[in-house]
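# Residue-level structure breakdown
The residues making up each chain are set out below.
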Amino acid sequence: MAASADPRTTQRIVIENCAIATVDAHDTEYASGHVVVADDRIESVGAGKAPEGLGGVVRRIDGTGHLVTPGLVNTHHHFYQWITRGLATDHNLFDWLVALYPTWARIDEPMARAAAQGSLAMMARGGVTTAMDHHYVYPRGSGDLSGAIIGAARDMGIRFTLARGSMDRSEKDGGLPPDFAVETLDGALAATEAAIDEHHDTSFGAMTQIAVAPCSPFSVSTELMRQGAELARRRGVRLHTHGSETVEEEQFCKELFGMGPTDYFESTGWLGDDVWMAHCVHMNDSDIAAFARTGTGVAHCPSSNARLAAGIARVPDMLAAGVPVGLGVDGTASNESGELHTELRNALLINRLGAHREKALDARQALRLGTYGGAQVLGRAAEIGSLEPGKLADLVLWKLDTLAHASIADPVTALVFGAAAPVTLSLVNGRTVVEDNHLTTVDEDAIARATRDEARRLAQIAAGA
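Summary of the structure given here. (Residues numbered from 1 in each chain as written. Predicted model: local features only at pLDDT ≥ 70, side-chain atom pairs only at ≥ 80, totals over all residues. Heavy atoms only, no water.)

### Description of the overall build of the protein
When its secondary structure is counted, the protein shows 14 helices and 17 strands. Structurally, the protein occupies a C-alpha span of about 70 × 45 × 45 Å along its principal axes. With 465 residues in all, the protein has 59% of them scored as buried. Intrachain contacts of the protein at a sequence separation of at least 6 include 74% that bridge at least 24 residues. (Helix = DSSP H or I, 4+ residues; strand = E, 2+ residues; numbered from the N terminus. Buried < 20%, exposed > 50% of the residue type's maximum accessible area, 1.4 Å probe, protein only. Contact = heavy atoms within 4.5 Å.)

Structure (structure tokens):
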């Protein structure tokens, strides 16, 4: 089967002689096969050589020693934290937030853009082709932060969802953020709808989409949760927030609302197949059943959960119940590497420390979390997340014949269990974003300088506040 294309103008990229993990519904794999990309779509995938007589071939790649997979999909992040890495390294979530909110509340547009560039660059170099950013800190007078973040993704050529976050519950209302770090209810809703108006693209293959994303139960009023859900459904966009991350959050919800996080979310309209939650570490059987019943998705962030001592999410139980689960880097102030491909390994290893032990996850389940699972929770499984004819040409060619992987016979095992694999080629919409482990669309050295300079400037401003 092949995607239709105009033979007079089609440009094709042919990759041959590579192992292929399609991550389709049947987990189809080829020990030695081919992928043909026609413009921005996958045209054919199969065993052996590509079909003879293809026209418009602009590039032919010998993939010997490589594995092709769908591009990785990141489902939870906070880009701005790139310029506050390495701080509050021995704190739990609530103490970490209290320590860092005063600094985060002083970011401005140049800082947000530089931090987005750094975050996106590290993910893209590690095989991410679709990213998201949950940005919820909008200090007064800070400039167009949403536009800066979206512009960074556009320049890099990464498919992107901005989860336009918000906070309106500050310290004076019993929340954690400083009073000067939050928006008003009406201001947050108006700004979120303005972001949808300006940036949300509903077309197949869209490069930019917007989600409605109040930050968390302990930084957002109940009315913002309710009206945020109503806004999202009125405008036909997805909903995202943090949920059930720590035992302290559960206690907070019970004390403030008289119920646990999942019941609170359901009472405010925040369960449904258009919703995904970050973390979901402390979920009982009833919570998991509610997520499965409503189709609510989860962004699993194993490294961040370990860094902040939040706990081990019950991912095997979620998957068994039918809950959609993807992987997330989370903000780089709680996962300083900022790379999603390391989360494949960490998801597998950390979940094996839980109740299911060695049966918790295997290599192919971990790869599915980072590809098709992520596409599911972002609502884009019809477009990305697996290698199938007609889907968008978002794929990664991983080099597995170096010292780091050469003695591991199974390529998927090598990718997930082994060291981080170099990326020989990464395509988004058929366009090269990474080649030979380097970004092709932006200047990595310039990004490094900008992020370092903006981190210093933010630290100076925070110190003088």
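### Some points on the packing of helix α2 (residues 109–125) against helix α3 (residues 145–156)
At a minimum axis separation of 8 Å, α2 and α3 run at an interaxial angle of 35°. Crossing of α2 over α3 shows right-handed handedness. Along the contact surface, α2 presents Glu109, Ala112, Arg113, Ala116, Gln117, Leu120, Ala121 and Ala124, while α3 presents Leu145, Ala148, Ile149, Gly151, Ala152, Ala153, Asp155 and Met156. Looking at side-chain class alone, the contact of α2 with α3 contains 11 nonpolar, two polar and three charged residues. (Axes fitted to C-alpha atoms, helices over the stretch in contact; angles between N-to-C directions. Left-handed = near helix turned anticlockwise from the far one by under 90°. Nonpolar A, V, L, I, M, F, W, Y, C, P; charged D, E, K, R; others polar.)

### As for the pattern of salt bridges
Working definition: two side chains of opposite charge can pair if their charged atoms are close together. Taken as a whole and judged by the stated rule, the model has 26 salt bridges. Salt-bridge contacts for Arg364 lead to Glu29; the nearest nitrogen and oxygen are separated by 2.6 Å. Of this pair, Arg364 sits in helix α12 (residues 363–377) while Glu29 sits in strand β2 (residues 29–38), and the two are 335 residues apart along the sequence. Overall, the relative accessible area of 28% leaves Arg364 in the partly exposed class. Salt-bridge contacts for Asp317 lead to Arg314; the nearest nitrogen and oxygen are separated by 2.9 Å. A relative accessible area of 23% means that Asp317 is categorised as partly exposed. Linked by salt bridges that have partners in common, Glu193, Asp197, Arg234 and Arg235 make up one network. (Salt bridge = Lys/Arg side-chain N within 4 Å of Asp/Glu carboxyl O.)

### Considering the packing of aromatic side chains
Within this structure, the stated rule accounts for 10 aromatic pairs. Plain terms: the ring middles of Phe218 and Phe252 are 6.2 Å apart, the flat faces sit at 80° to each other, and that makes the pair edge-to-face. Here the residue Phe218 occupies a position in the loop between β9 (208–214) and α5 (222–235), and Phe252 occupies one in helix α6 (residues 247–257), the gap between them amounting to 34 residues. Here Phe252 falls in the buried class, since its relative accessible area comes to 15%. Judged by centre distance (6.2 Å) and plane angle (45°), the rings of Tyr264 and Phe265 are tilted. Put simply, the rings of Phe94, Phe218, Phe252, Phe257, Tyr264 and Phe265 touch in pairs and so form one group of aromatic residues. If you follow Arg85 out to its NZ or CZ, it ends over the ring of Trp82, 3.7 Å from the centre. Cation over ring: Arg164 sits above Tyr138, and NZ or CZ is 3.6 Å from the ring centre. (Phe/Tyr/Trp six-rings, centres within 6.5 Å; stacked < 30°, edge-to-face > 60°. Lys NZ or Arg CZ within 6 Å of the ring centre and 35° of its normal.)

### Re the packing of helix α4 (residues 185–199) against α5
The relative placement of two packed helices comes down to the angle between their axes together with the axis-to-axis distance. Viewed as axis vectors pointing N to C, α4 and α5 meet at an angle of 20°, and their least axial separation amounts to 11 Å. The orientation of α4 relative to α5 falls into the category roughly parallel. Note that α4 runs across α5; the crossing there is right-handed. For the pair α4 and α5, the contacting residues are Leu185, Ala188, Leu189, Thr192, Glu193, Ile196 and Asp197 in the first and Glu223, Leu224, Gln227, Gly228, Leu231, Arg234 and Arg235 in the second. The residue makeup of the contact of α4 with α5, split by class, is six nonpolar, three polar and five charged. (Parallel < 35°, antiparallel > 145°, perpendicular 65-115°, else oblique.)

### Regarding the side chain of Asp394
By the secondary structure assignment, Asp394 is in the loop between α12 and β14 (395–399). The buried category is assigned to Asp394, whose relative accessible area is 4%.

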